[in-house]
Amino acid sequence: MEDKEKIAIEALKYVENNSIVGLGTGSTANFFIKHLALKTKKEKLNIHVVASSTVSELEANKHGLKLISIDLLEDIDLYVDGADEVTDDLNVLKGRGYDLVKEKLLAQSAKKFIVIADQSKHVSAIGEKYPIPIEVMKNSWRLTKKLLDRIGHGELRKNSAGDAFSISSAGNYILDYQFKEKDIKKLNEEILSTPGVIETGIFYKITNLALMITNGDIRIISL
Ligand code: 5RP
């Protein structure tokens, strides 16, 4: 079994009966969705789920999980998602799947937010391997980009075919940016204070637990 699947199964230990579980986006999150559905059926649990993206919604539906629409919720019990970068002080970069605002809403609204990731995601500082994803209002993205160009540089993200721009399920564009600022708290605040910015992929001090895996060996990061 590959590491991503094994770590997704590990996260099932944190799922409680009669709870609402938020489903992340990406290949690791997809394994979690599949195994959560198997556990729910096998143990006859009363679990409701909420999806962070259209993809996770389709996956949940495919596996027969009971979906609740995000607009009906005020909070959730648990949110489990993958990540692009994870530091030892539990800061996380997300957003290659581009539904930043929904992912962060669920992560921050959850009583517990657990990141599941293989060791390739471990970094010493956020921004080490990937640019910072920034979800921006679609109709005014050029103005927002020009303002962000004062502190960094980057481009509008294209879709995987490269023939159109990526659009989040909330209908926004995504910028991928690099910045000189290394203080991640300051950087996040600076980006978020730019008009037209809806959300960033920087998950600063939101994560409760990261379950990391290297060649089958699991390491838990908690503060
Ligand atoms: C989506 C994300 C993903 O969780 C992240 O890109 C990791 O993906 P994968 O599990 O496929 O490696 O942040 O926005």
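Everything below is about the structure printed above this text.
**Q** Hey, could you run me through the sheet that holds strand β5 (residues 85-86) in this one?
**A** Across a sheet, paired strands are connected by hydrogen bonds in the backbone, their directions being either parallel or antiparallel. Sheet architecture is open: three strands sit in the order β5-β6-β12, paired in antiparallel fashion. Two strands bound the open sheet, and with one partner strand each, they are β5 and β12 (202-203). When β5 meets strand β6 (residues 92-93), the two strands line up antiparallel, connected through two bridges. In the sheet register, Glu85 faces β6, and the bridge partner there is Leu93.

**Q** Explanation requested: the packing of aromatic side chains in the structure shown.
**A** Within a pair of aromatic rings, the relevant descriptors are the distance that separates the centres and the angle that separates the planes. The full count for this structure, using the stated rule, is six aromatic pairs. Ring geometry for Phe165 and Tyr173: centres 5.6 Å apart, planes at 70 degrees, overall edge-to-face. Here the aromatic residues Tyr79, Phe113 and Phe203 are joined through ring pairs into a cluster of three or more.

**Q** Would you mind showing me how to read helix α5 (residues 141-148) here?
**A** Side chains three or four residues apart in an α-helix point the same way, a direct result of the helix having 3.6 residues per turn. Among the residues making up α5, those that are buried are Trp141, Thr144, Lys145 and Leu148. Along the long axis of α5, the arc covered by the buried residues comes to 100 degrees, so they all point the same way. Exposed side chains of α5 directed beyond 90 degrees from the buried face belong to Arg142, Leu143 and Lys146. Along its buried surface, α5 packs onto β8 (132-136), β9 (152-156), β10 (173-179), α6 (184-192) and β11 (197-200).

**Q** In this structure, what is going on with the sheet that holds strand β2 (residues 47-51)? I would like to understand it.
**A** Taken in spatial order, the seven strands of this open sheet run β3-β2-β1-β4-β7-β13-β14, and their pairing is mixed. Only two strands of the sheet have a single neighbouring strand rather than two, namely β3 (66-67) and β14 (217-222). The pairing of β2 with β3 spans two bridges and is parallel. When the bridges of β3 are listed, Val49 appears paired with Leu67. Helix α2 (residues 27-42) contacts β1 (19-23), β2, β4 (76-81) and β7 (110-118) of the sheet and is inclined by roughly 155 degrees relative to β1.

**Q** I would appreciate a short explanation of unusual backbone geometry in the present structure.
**A** A negative phi holds for most residues other than glycine; trans holds for most peptide bonds. Look at Leu90: it is not a glycine, yet its phi comes out positive at around 65 degrees. Within the secondary structure, Leu90 is located in the loop between β5 and β6. Of note, the phi angle at Lys205 is positive, near 50 degrees, even though the residue is not glycine. Looking at the element boundaries, Lys205 is found in the loop between β12 and β13 (209-214).

**Q** Help me understand the layout of surface pockets in this model?
**A** Gaps left between atoms show up when a probe the size of a water molecule is rolled over them. The volume enclosed by the largest pocket comes to roughly 330 Å³. Among the elements of the structure, α2 and α3 (54-62) are those that each provide at least two residues to the lining of the largest pocket. Residue contributions to the lining of the largest pocket peak at three residues, all from α2. Among the residues forming the lining of the largest pocket, the class breakdown is four nonpolar, 10 polar and seven charged. The calculated volume of the second largest pocket comes to roughly 190 Å³.

The rules behind each value
- Residue positions within a chain follow its written sequence, with the count starting from 1.
- Restriction of local features to residues with pLDDT of at least 70 applies here, the model being predicted, together with a cutoff of 80 or more for giving and counting side-chain atom pairs; totals for whole chains, interfaces and linings are based on all residues.
- Each side-chain value is derived from all of the structure's non-hydrogen atoms; neither hydrogens nor water enter the calculation.
- Between any two strands, pairing holds if DSSP finds at least two bridges.
- The helix and strand labels rest on DSSP assignments: H or I over at least four residues marks a helix, E over at least two residues marks a strand, and numbering proceeds from the N terminus.
- Pairs were defined over the aromatic rings of Phe, Tyr and Trp, the Trp ring being its six-membered one, requiring ring centres within 6.5 Å. Orientation was assigned from the angle between planes: stacked under 30 degrees, edge-to-face over 60, tilted for the rest.
- Whether a residue is buried, partly exposed or exposed follows from its accessible area with a 1.4 Å probe, protein chains only, as a fraction of its type maximum: under 20%, in between, or over 50%, in that order.
- Throughout, the arc means that of the directions going from the helix axis to the C-beta atoms.
- Two residues qualify as a contact provided that any one of their heavy atoms is within 4.5 Å of a heavy atom in the partner residue.
- For every element, the axis is a line fit to its C-alpha atoms; helices are fit only across the contacting stretch, and the angle between N-to-C directions ranges from 0 to 180 degrees.
- Cavities and pockets are found on a 1 Å grid laid over the protein atoms alone: a cavity is a set of points where a 1.4 Å probe fits but cannot escape, a pocket is an open set with protein on both sides within 12 Å along at least five of seven lines, and a lining residue has an atom within 4 Å of such a point.
- Grid points are joined across faces, edges and corners, and a volume is the space filled by probe spheres set on the points.
- For this classification, the nonpolar set comprises Ala, Val, Leu, Ile, Met, Phe, Trp, Tyr, Cys and Pro, the charged set comprises Asp, Glu, Lys and Arg, and every other residue, Gly included, is treated as polar.

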